Amino acid sequence: MTPMKFGMGQALTRIEDAPLLKGEGRFVADLVPSGALVGYVLRSPFAFADFVIREVSAARAMKGVKAVFTAADLEGIGNLPCLSQVPTKGGKTILNPPWEVLCSKTVRHVGDGIAFVVADTIERARDAAEAIEVDYTSRAPIIDAVDALKPGAAEVWAEVPGNLAGEVELGDEAATEKAFAKAHRTVAVTIVNNRLVTNYMETRGCLAEYDAKEKSYTLTLGSQGSHGIQNTLATKILNVPKEKIRVITPDVGGGFGTKTFMFREYPLCLVAARKLKKPVAWVQDRSDHFVNCSQGRDNVSTATAALDRRGKVLAVKVETVADMGAYLSQYATFIPYVGALMLAGVYAFPAMYVHLKYAYTNTVPVDAYRGAGRPEAAYLIERLMDRIAIETGSTPAEVRRRNFIQPDQFPWKTPVGRTYDSGEFDGHMTRAMEVAGWDTFKDRLKAAKKAGRIRGIGMATYIEACGGGAPENAWMSLEKDGTVTIKIGTQSNGQGHKTAYAQLASQHLDIPVEKINVIQGDTALIPTGTGTGGSRSLPVGGAAVDVGARALADIIRDMAASEMEVGVGDVEIRDGTVRVVGTDKAISYEKIASLPGAEDKLKSHGTWRPPEPTFPNGTHICEVEIDPETGATEIVAYTVVDDFGVTINPIMLAGQVHGGIVQGIGQALLERTVYDKESGQLITASFMDYAMPRADHIPNFHFETRNVPCVTNLLGIKGAGEAGTIGACPSVMNAMVDALWRAYGIREIDMPATPALVWQTIQEAKKAKAA
């Protein structure tokens, strides 16, 4: 493909940034009209309790209060749905008790909703909520998933014995056991993948409006896909025709998965707007976010490898307990399952067996968070590979090279069912080691010791699956002013879709990206859309734009050739005009768009259905220094060499990778979600107690690509939006373990490796050695 000035591969700065930097962005809270009513959810202060609402009349009578809704007022309103389906052990149904929009009798986590107050100000709504009299009968909660599955544990749901929602098996248990029977030795690792609060910049919010004449709703909210929200509201909750609900998504300040899902506030605001005949807004504060929005990760896993005498892996067994929280969120069961599909990593394991257990607890529900199962898988298998290196006396690189899938083995079907199309894993690992100075690490280790610090280096060679699933569509048109409009049902949350899609279109239409207008987030303007998630917008949405842009370019050439009375093979598109090759004869886009019948003709539709997911992969290498007197850790170097198939925009790609790494560093070293075991209260319920990564935690990154084009994607792209997060945690934690192993013989430490935990671990190792 010929490089174009504004097309694929060009390092253009984002066209979205200027209005955002000037304060011209328009988020949900900016769009609430004067006079709109305000909603407030009364939430449970208990993690597990039966309750009775004794009195609401006083609240309803308070000044400015327009309505108070309880479960009794929501007749005909459906429950919040779990939409994921997974193949279960023995074909048994996943146990999925109802998640009511407002609880009727029992609350199951702190923050569960029991009433919705609508008033003319937020202050009055809060005051009225406090006036609602509720009698609670508290029960003993269970907040740890492993404990929840033990005999005698408190049961979150009477209809879910032992808190076990369901089980999933992957791989071949018999073949795995056979391999273990002939193994020279086994190596095992048990890890906790810590729960995370999904702290994007803009908290959730919505504005609901109702048209009584048309009997139709409009919902404006920050989402990751308007069509998904529309479909769930119409078919699962409000039970109205889909065309009666218009969903609009304006600017969105981050999503990371959470803004894909249905939450109770959306139908509550719509019901209130219909009953009160006025717009109703709800905008979340950060405290509410901590106890109300779905959280991420929270798995406990044991992986055991069977090795031959050379240290080559014969088989791997994995046991995982996945915490679902109190309810099954929208894709809750799918996340551990899709992660398990990637547990073979970049390795040619002959056999695997994976056993997943889904557990209910009295905590906020858990769902997808940036990476959605794949970070959990990469973390587990990469920690296992480093443990094998420790136990066998090999280097991390030797263990990996011994087990890598080789380039001539593609397509490669893993023992858990994925088929990889391409990759050169040793290539990017070798390059990353060169850039990171792996061979000279001992010199830096020596210098660190002189300074009274310990130092470690760790790697992760990851692979993930993304950019698959349903088709995406793009509708394109040439406007009278010579600009191009793209309508597409993906949804930017800050990634830079407008710039990326404009570059893909410019590749074929050869106009500046500023002259290409991308429209997203309105179900009234865009017929269909699958939203944004799973790093699929460019691999799938971008492919649809490419198809649509090619088609529009063909239409433009045909019309221009006819107008200039030459053959279509004699014209070419250059700089927003169509020229007769070898002459100065040309016609502008504006002129073409003004031709008779042009408005109907100058339209195209592009669609792309991925036959398989894409499989981005790469190597992360992290180097850390630890102060043993305080446990404080500094990341002193970080290197990434990634395979993303084809690069659309290197600046934006680097930004995505950097952001993902920062989130991974946050999980590895800082972010700790703590529930009190006795009361079920979320102890880390604000930024006062929940640590987030800051600028001084983050090193300079070295990032480069070593791309091998994807065989199954139209553009050769492998999705990149989540890859940084997937490689970061194992590389950081392998570096931590390397430092602690070298200095104190410590083989294991869990995330987050906070200064307190690191210091305590060192002290315990010293005591054990002294004994």
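Predicted, not measured: the structure shown is a model, and the values here were computed from it. (Residues numbered from 1 in each chain as written. Predicted model: local features only at pLDDT ≥ 70, side-chain atom pairs only at ≥ 80, totals over all residues. Heavy atoms only, no water.)

Caption draft 1: Region of the structure containing the overall build of the chain. Across its full length, the chain holds 20 helices and 28 strands. What you see for the chain is a C-alpha radius of gyration of 28 Å, in line with the 28 Å of a compact globule of 771 residues. Viewed in the frame of its principal axes, the chain has a C-alpha envelope of about 90 × 75 × 55 Å. Residues counted as buried form 58% of the 771 residues belonging to the chain. Nonlocal contacts in the chain, meaning residues at least 24 apart in sequence, comprise 80% of its contacts between residues at least 6 apart. Counting every atom, the chain has about 29,700 Å² of accessible surface; 51% of that belongs to carbon and sulfur. Taken as two groups, the 82 positive and 89 negative side-chain charges of the chain have centres that lie 2 Å from each other. (Helix = DSSP H or I, 4+ residues; strand = E, 2+ residues; numbered from the N terminus. Rg over C-alpha atoms; globule rule 2.2 N^0.38 Å. Buried < 20%, exposed > 50% of the residue type's maximum accessible area, 1.4 Å probe, protein only. Contact = heavy atoms within 4.5 Å. Areas by Shrake-Rupley, 256 points an atom, 1.4 Å probe, with all protein chains shown as cover. Lys, Arg positive; Asp, Glu negative; His and termini not counted. Charge placed at Lys NZ, Arg CZ, Asp CG, Glu CD.)

Caption draft 2: Here's a closer look at helix α11 (residues 396-403). Residues of α11 that are buried include every one of P396, A397, V399, R400 and N403, and no others. Along the long axis of α11, the arc covered by the buried residues comes to 160°, so they all point the same way. Packed against the buried residues of α11 are β14 (313-325), α10 (374-392), α12 (425-436), β18 (454-463) and α19 (723-744). (Arc of directions from axis to C-beta.)

Caption draft 3: Structural view of the pattern of salt bridges. If you walk through the whole model with that rule in mind, you get 40 salt bridges. A salt bridge links D135 to R54; its shortest N-O distance comes to 2.7 Å. Of the two residues, D135 is situated in strand β6 (residues 133-138) and R54 in strand β2 (residues 49-55); the sequence distance between them amounts to 81 residues. Residue classification places R54 among the exposed residues on the basis of a relative accessible area of 51%. Note that R557 is salt-bridged to D554, the shortest N-O span being 2.7 Å. (Salt bridge = Lys/Arg side-chain N within 4 Å of Asp/Glu carboxyl O.)

Caption draft 4: Geometry of unusual backbone geometry. Residue P411 is bonded to the preceding F410 through a cis peptide linkage, with omega at 0°. Structurally, P411 can be placed in the loop between α11 and β16 (412-413). For the bond from M751 to P752, the omega torsion is -10°, close enough to zero to count as cis. Residue position: P752 is located in the loop between α19 and α20 (755-770). Here D510, not a glycine, exhibits a phi torsion of approximately 50°, which is positive. For D510, the position within the fold is in the loop between α14 (497-509) and β21 (516-519). In the Ramachandran plot, S535 falls in the positive-phi region, its phi being about 50° despite a non-glycine side chain. By the secondary structure assignment, S535 is in the loop between β21 and α15 (537-564).

Caption draft 5: Region of the structure containing the packing of aromatic side chains. For the coordinates displayed, the defined rule picks out 19 aromatic pairs. Between W99 and Y327, the ring centres sit 4.9 Å apart and the planes meet at 5°, which makes this aromatic pair stacked. Placement of W99 in the loop between β3 (65-69) and β4 (106-107) and of Y327 in the loop between β14 and α9 (334-340) is noted, with a sequence separation of 228 residues between them. Ring centres of W157 and Y327 lie 5.6 Å apart, and the angle between their planes is 70°; on these two criteria the pair is classed as edge-to-face. (Phe/Tyr/Trp six-rings, centres within 6.5 Å; stacked < 30°, edge-to-face > 60°.)

Caption draft 6: Quick peek at a negative patch on the surface. Side chains of E169, D172, E173 and E319 sit close together on the surface and give a patch of like negative charge. Tracing the backbone through its elements, the reader meets E319 in strand β14. (Patch = residues over 30% accessible without salt bridge, like charges linked within 9 Å, V, L, I, M, F, W, Y side chains within 5 Å.)

Caption draft 7: Representation of the side chain of T490 within the structure. Assignment of secondary structure puts T490 in the loop between β20 (484-488) and α14. For T490, a relative accessible area of 1% gives the class buried. Filtering out sequence-adjacent residues up to four positions away, T490 remains in contact with E472, H497, Y501, Q520, G521, G531, T532, S537 and G541.

Caption draft 8: Representation of the environment of G64. For G64, the location among the structural elements is in the loop between α2 (57-60) and β3. According to the relative accessible area criterion, G64 is buried, its value standing at 13%. For G64 and A119, which are 55 residues apart along the polypeptide, the C-alpha to C-alpha distance reads 5.3 Å. For G64, the residues in contact, after removing those within four places along its chain, are V118, A119, D120 and R124.

Caption draft 9: View of helix α18 (residues 650-669). For α18, which comprises 20 residues, the first-to-last C-alpha distance of 28 Å matches the rise-based estimate of 28 Å (1.5 Å per residue) to within 8%. Near the N-terminus of α18, the side chain that reaches the backbone nitrogen of I651, with its oxygen 3.0 Å away, is that of N649. (Expected span 1.5 Å × (residues − 1). Polar contact = N/O pair within 3.5 Å; in protein donor to acceptor, adjacent residues only side chain to side chain.)

Caption draft 10: Structural detail: the sheet that holds β14. Taken in spatial order, the 5 strands of this open sheet run β7-β15-β14-β13-β8, and their pairing is mixed. Pairing within the sheet leaves two strands with one partner each, and these edge strands are β7 (164-171) and β8 (185-193). Going from strand to strand, the sheet's axes swing by 10° on average, the running direction of each strand aside. Direction of pairing for β8 relative to strand β13 (residues 299-307): antiparallel, over a ladder of 9 bridges. Residue pairing in the sheet places T186 in a bridge with A306 of β13. Strand contacts of helix α5 (residues 173-181): β7, β8, β13, β14 and β15 (351-360), with the helix running at about 130° to β14, the strand carrying the most contacts. Those strands touched by α10 are β8, β13 and β14, and its axis lies near 140° from that of β8. (Pairing = 2+ DSSP bridges. Axes fitted to C-alpha atoms, helices over the stretch in contact; angles between N-to-C directions.)

Caption draft 11: Representation of the side chain of E704. Summarising the element assignment, E704 is placed in strand β28 (residues 701-705). Those residues in contact with E704 that sit more than four places away from it in its chain are R431, V435, V640, V641 and D642.

Caption draft 12: Fine view of the pairing of strand β9 (residues 205-211). Pairing analysis gives 4 bridges linking β9 to strand β12 (residues 280-283), with the strands arranged antiparallel. Paired with A208 across the strands is V280, a residue of β12. Two elements, β9 and strand β10 (residues 216-221), share 6 bridges in a ladder whose sense is antiparallel. Counterpart to Y210 in the pairing with β10 is Y217.

Caption draft 13: The arrangement of the pairing of strand β11 (residues 245-248) in detail. On β11, burial follows the alternation: I245 and V247 on one face are buried, whereas R246 and I248 on the facing-out side are not. Of the pairings in the sheet, the one linking β10 to β11 comprises 4 bridges and is parallel in character. Paired with T218 across the bridge in β11 is R246. What joins β10 to β11 is helix α6 (residues 226-237), and the crossover it makes is right-handed. (Right-handed = clockwise from strand over helix to strand, strands pointing away.)

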